[in-house]
Amino acid sequence: MIVMKGDATEQQVAAVIERIERAGARAHVSAGEFVTVIGAIGDDRELIAALDIEGEGGVERVVPILKPYKLVSKDFRGDAPVEIAGRLVGGDNFCLIAGPCTVESRAQTLDTADVVKSVGATMLRGGAFKPRSSPYTFQGLGREALTILAEARERTGLPIVTEVMDVRQIEDVVEVADVIQLGARNMQNFDLLKEVGRTGTAVLLKRGMSATCEEWLLSAEYIAREGNERILLCERGIRTFETGAYRSTLDIGAVPAVKQVSGLPVIVDPSHAAGKRDLILPMAMASVAAGADGLIVEVHPSPETALCDGPQALYADKFAAWVADVKRIVDVMGKVIAGGEPVAVNA
Ligand code: PEP
Ligand code: MN
């Protein structure tokens, strides 16, 4: 990481970039308000020797980033919030993403969207393409669901979070999505990560169910390397020896651990970790207390009839009370739920 002096000229920045490229590395320029930081991405040791750039015109200092992930490390990117559709995620801005697991129909989705909007949530979730364990279960409405999500977005003004499972879905999904969800099962689908990284659409990267925190951050690095740095990390529970008490083991420790080393916001999905409605509130509260930057939860107008993940869907008509309980902890943490109208930000 090459930190330029506050008064470095454009020519000096260009000269450093040229040196980096001549050394066979990639230059990643991050022009901040006060200083420009240039990431030189390549083989660490050889690169540092080849660059020999300390003391060059305009260079303040050279800091090696020894972690295996670079662009998503806190050393490089700091902990600036991520902007999504004019709303900030991170810092004091708490993000509440809610909606159905799966878009099942227009009415089910719009009803849920109205409820989510009325409680002041930040974004609407809803799956069009669903990664189902069994090929015999409902696989999602696909493109038809995207049309419904577009209508929900238009109607509520809420940004949309929806999953892609395959590079062939990206073109249609980015038409509607403000945030592309990459599901747990695809966290290490590296070609998909790269392709999503080439879009300008923000990404919610779920942690793979057997991925270490480092593997998770390396997957985020794949996305960032392609130029897309608007990434939200999402802890959704991991596989352990537990088989019945809950669906996945929510790794609360991952929240502060990952936030210590990466400045990316960490969102927690207590719904998929719990698998059972009644466990979601305490798990959500614990996540907020552990420093999560947001929550993503599943809500349904009639969970008994849901085509996917009904047992973990919160009742739409009880959602306002649920949010009020979570908000008590959000308040204690000194954060505000960044719903409502978008604020003007310098994206
Ligand atoms: C989902 O969000 O509906 C989902 C399938 O999540 P995960 O990838 O975490 O299992
Ligand atoms: Mn689900």
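Keep in mind it's a predicted model, so treat the numbers as computed, not measured. (Residues numbered from 1 in each chain as written. Chains lettered and ligands numbered in written order. Predicted model: local features only at pLDDT ≥ 70, side-chain atom pairs only at ≥ 80, totals over all residues. Heavy atoms only, no water.)

Quick look at the overall build of the protein chain
For step 1, the next point in the chain: Of regular secondary structure, the protein chain possesses 12 helices and 16 strands.
For step 2, the next point in the chain: In summary, the protein chain has a C-alpha radius of gyration of 21 Å against a globular reference of 20 Å for 347 residues, a match within 12%.
For step 3, the next point in the chain: C-alpha atoms of the protein chain, sized along the principal axes, occupy 65 × 40 × 40 Å.
For step 4, the next point in the chain: Contacts in the protein chain between residues far apart in sequence, at least 24 positions, make up 70% of those at least 6 positions apart.
For step 5, the next point in the chain: Accessible surface for the protein chain amounts to roughly 15,200 Å². Of this, 50% is attributable to carbon and sulfur atoms.
For step 6, the next point in the chain: The distance from the centre of the 37 positive side-chain charges to the centre of the 48 negative ones in the protein chain is 4 Å. (Helix = DSSP H or I, 4+ residues; strand = E, 2+ residues; numbered from the N terminus. Rg over C-alpha atoms; globule rule 2.2 N^0.38 Å. Contact = heavy atoms within 4.5 Å. Areas by Shrake-Rupley, 256 points an atom, 1.4 Å probe, with all protein chains shown as cover. Lys, Arg positive; Asp, Glu negative; His and termini not counted. Charge placed at Lys NZ, Arg CZ, Asp CG, Glu CD.)

With respect to the coordination of the manganese ion (ligand 2)
For step 1, the next point in the chain: Here the manganese ion (ligand 2) is held by the protein donor atoms Cys-101 (SG), His-272 (NE2), Glu-298 (OE) and Asp-309 (OD), which lie 2.0 to 2.4 Å from it.
For step 2, the next point in the chain: Between the donor residues of the manganese ion (ligand 2), the gaps in sequence give the motif C-x170-H-x25-E-x10-D. With Cys-101 in the loop between strand E7 (93-99) and helix H4 (106-118) and Asp-309 in the loop between strand E14 (294-300) and strand E15 (314-315), the pair connects residues that are 208 residues apart, well separated along the chain. Neither residue differs from the other here; Cys-101 and Asp-309 are each classed as buried. (Donors = N, O, S within 2.8 Å, 3.2 Å for Na, K, Ca; no water. Buried < 20%, exposed > 50% of the residue type's maximum accessible area, 1.4 Å probe, protein only.)

A look at the nonpolar core
For step 1, the next point in the chain: The biggest cluster of nonpolar side chains holds 75 residues, and the ones touching the most others in it are Leu-182, Leu-205, Ile-231, Leu-233, Leu-295, Phe-319 and Trp-322.
For step 2, the next point in the chain: The dominant element in this core, judged by the number of residues it contributes, is helix H11 (residues 277-289), at 6 residues.
For step 3, the next point in the chain: Here this core gathers at least three residues from each of two domains, domain 1 (2-64) and domain 2 (82-337).
For step 4, the next point in the chain: Beyond its immediate chain neighbours, meaning those up to four positions away, Trp-322 contacts Ile-280, Leu-281, Ala-284, Leu-295, Val-297 and Leu-314.
For step 5, the next point in the chain: Core analysis: the second largest hydrophobic core is formed by 14 residues, Val-89, Met-123, Val-161 and Cys-234 among them. (Core = buried A, V, L, I, M, F, W, Y, C linked by side-chain atoms within 4.5 Å. Domains from an automatic or database assignment.)

Here we look at the domain arrangement of the protein chain
For interface size, the figure often reported is the accessible area lost on association.
For step 1, the next point in the chain: Splitting the protein chain by domain gives domain 1 (2-64) and domain 2 (82-337).
For step 2, the next point in the chain: Taking only C-alpha atoms into account, the centre of domain 1 sits 36 Å from that of domain 2.

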